[in-house]
Amino acid sequence: MKRLILAGLLAGSTLFSATAQAEDTLTAVHAFPETLIYTKSFLSFVDKVNEAGKGVVQIDVRGGPEAIGMFQQPDAVRDGIVDMVYTPGSFYGGALPEKDAMVASNLTAVETRENGGIELIDQIHQEKMGLKYLGWFDSGVCYNLWTRNEPTFDENGNLEVEGLKLRGNNVYNAFFTNYLGAQVIDLPTGEVYSALQRGVVDATGWTQIGLIDLKWNEFLNYRIEPCFFSTDLGVIINMDKWNSLSDESKKILQDVAIQHEKDSVVALRAKRDEDFSALDAAGMTAISLEGEAKANYLAAAREKTWERMKGLMEEQPGGTGNYDKLIELFYDLNAAK
């Protein structure tokens, strides 16, 4: 009898061990600090996966830029140092210029998921970088130009940037330099607060939300309308890791990602409205371009970004084969933001 009981316990232990080992685990890092709204959105996605994937698949978040530098993260996931990264596509735009279709987009992830746009972006990620593009999160939020001092306009209503100390980065430099003619100072997000504090810069592009989280509103007093561009934040997974996952794990990850694409559009637009109300109450002034100046401003943001995308695509294997299709799937000329 004792032998039978022991055999039963051993069998149960073996079964438990096999079950535990069957659970897929992915390590993950995120580009921005935990305090930023976008990182909070990603962490909510992680919570949803870990709840839906109990006993099947789990995500183990190892940290943000303090764990792996934000600009090193795309290479880290490609090389298998980490399994998953939440980051802007612009952080690896040199390897994958097609991400500019998302930057210049006036559609959301929901619409581009339905029309095949995200499927195409996923295919390009797999072919060019050996990465699975799981989902485009936090779409439907665009960028504004924010300034310390009241902006000035020429006789035609165009924004004047001469003398403006404008913080740039690789998301919008093509627009700022090639159309606005601005001289930009490239700075990572984490250095902008001190740059504003010291007067190194007095204007920056940034999304409609997050200014308060970053405390840049302590120095910036004007928001220039209209907004332009779209966030291009997404989750990428090492392809070898993705292929090693069980079909059940893949389905959970993909299903939760698709739902989070929808949820994050709603949540972040609500957050935008809250932020704008708080900024207005604190004295932020919105100033808008009008008429032809407004139309030219928006057209330049779009077209200068497309020009950059096309130029970089021409330098890579495969060339511009997907150029027209990307524009078709990520931009609706009849839609207004």
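It should be noted that the structure appears before, not after, this text.
Please read these numbers as outputs of a predicted model, since none were measured by experiment. (Residues numbered from 1 in each chain as written. Predicted model: local features only at pLDDT ≥ 70, side-chain atom pairs only at ≥ 80, totals over all residues. Heavy atoms only, no water.)

**Q** Before we move on, can you summarise the sheet that holds strand E12 (residues 233-238) with the specific residues and values?
**A** One open sheet accounts for 5 strands, arranged E2-E1-E3-E12-E4; its pairing is mixed. The open sheet terminates on both sides in strands that have one partner only, identified here as strand E2 (57-63) and strand E4 (131-136). Neighbour-to-neighbour, the strand axes of this sheet turn through a mean angle of 30°, independent of strand direction. Bridge count for E4 against E12 is 5 bridges, and the pairing is antiparallel. Within E12, the position partnered with Leu-131 by the bridge is Asn-238. Packed onto the sheet, helix H2 (residues 37-52) meets strand E1 (24-30), E2, strand E3 (84-88), E4 and E12 and runs at close to 150° relative to E2. (Pairing = 2+ DSSP bridges. Helix = DSSP H or I, 4+ residues; strand = E, 2+ residues; numbered from the N terminus. Axes fitted to C-alpha atoms, helices over the stretch in contact; angles between N-to-C directions. Contact = heavy atoms within 4.5 Å.)

**Q** So, the side chain of Gln-254: which residues are in play, and what are the values?
**A** Assignment of secondary structure puts Gln-254 in helix H11 (residues 247-281). For Gln-254, the side chain forms a polar contact with the main-chain oxygen of Leu-134, separated by 3.0 Å. Those residues within four positions of Gln-254 in sequence are excluded, and the remaining contacts are Arg-113, Lys-132 and Leu-134. (Polar contact = N/O pair within 3.5 Å; in protein donor to acceptor, adjacent residues only side chain to side chain.)

**Q** Could you give an account of the sheet that holds strand E8 (residues 166-168), naming the residues involved and the relevant values?
**A** Taking strand neighbours across the sheet as the criterion, the 6 strands line up as E9-E8-E10-E5-E11-E13 in an open arrangement whose pairing is mixed. The sheet terminates laterally at strand E9 (184-186) and strand E13 (285-288), the two strands that pair on one side only. Neighbour-to-neighbour, the strand axes of the sheet open up by a mean angle of 35°, direction not taken into account. Across the sheet, helix H12 (residues 291-314) lies against strand E5 (143-147) and strand E11 (222-228), angled at about 65° from E11, the strand it touches most.

**Q** I'd like a rundown of the packing of aromatic side chains, residues and numbers included.
**A** Following the criterion strictly, the structure yields 22 aromatic pairs and no others. Considering the side-chain rings of Phe-175 and Tyr-297, the 5.2 Å spacing of their centres and the 75° angle between planes classify their relative orientation as edge-to-face. In this pair, Phe-175 sits in helix H7 (residues 173-178) while Tyr-297 sits in helix H12, placing the two residues 122 residues apart along the sequence. Owing to a relative accessible area of 1%, Tyr-297 belongs among the buried residues under this scheme. (Phe/Tyr/Trp six-rings, centres within 6.5 Å; stacked < 30°, edge-to-face > 60°. Buried < 20%, exposed > 50% of the residue type's maximum accessible area, 1.4 Å probe, protein only.)

**Q** How would you summarise the state of the cysteines if you had to cite specific residues and measurements?
**A** Overall, the coordinates contain 1 disulfide when judged by the stated rule. Bridging Cys-142 to Cys-227, the disulfide has an S-S length of 2.0 Å. One quick way to see it: the torsion about the S-S bond of Cys-142 and Cys-227 is about -65°, and its sign makes the bridge left-handed. Placement of Cys-142 in the loop between E4 and E5 and of Cys-227 in strand E11 is noted, with a sequence separation of 85 residues between them. The two residues Cys-142 and Cys-227 agree in class, both being buried. (Disulfide = S-S within 2.5 Å.)

**Q** Can you explain H2? Please cite residues and give values.
**A** An α-helix turns once per 3.6 residues; consequently, residues spaced three or four apart project the same way. Between its first and last C-alpha atoms H2 spans 23 Å; for 16 residues at 1.5 Å apiece the expected length is 22 Å, and the two agree. Where H2 is concerned, the buried positions are Ile-37, Tyr-38, Thr-39, Ser-41, Phe-42, Phe-45, Val-46, Val-49 and Asn-50. (Expected span 1.5 Å × (residues − 1).)

**Q** Mind laying out the packing of helix H6 (residues 117-129) against helix H13 (residues 323-330), listing which residues take part and the relevant values?
**A** Two numbers describe how H6 lies on H13: the axes approach to 9 Å, and their chain directions differ by 140°. Seen along the crossing, H6 lies across H13 with a hand that is left-handed. Across the interface between the two elements, Gly-117, Ile-118, Leu-120, Ile-121 and Ile-124 of H6 pack against Lys-325, Leu-326, Leu-329 and Phe-330 of H13. Grouping the amino acids of the contact of H6 with H13 by side-chain chemistry returns 7 nonpolar, 1 polar and 1 charged. (Left-handed = near helix turned anticlockwise from the far one by under 90°. Nonpolar A, V, L, I, M, F, W, Y, C, P; charged D, E, K, R; others polar.)

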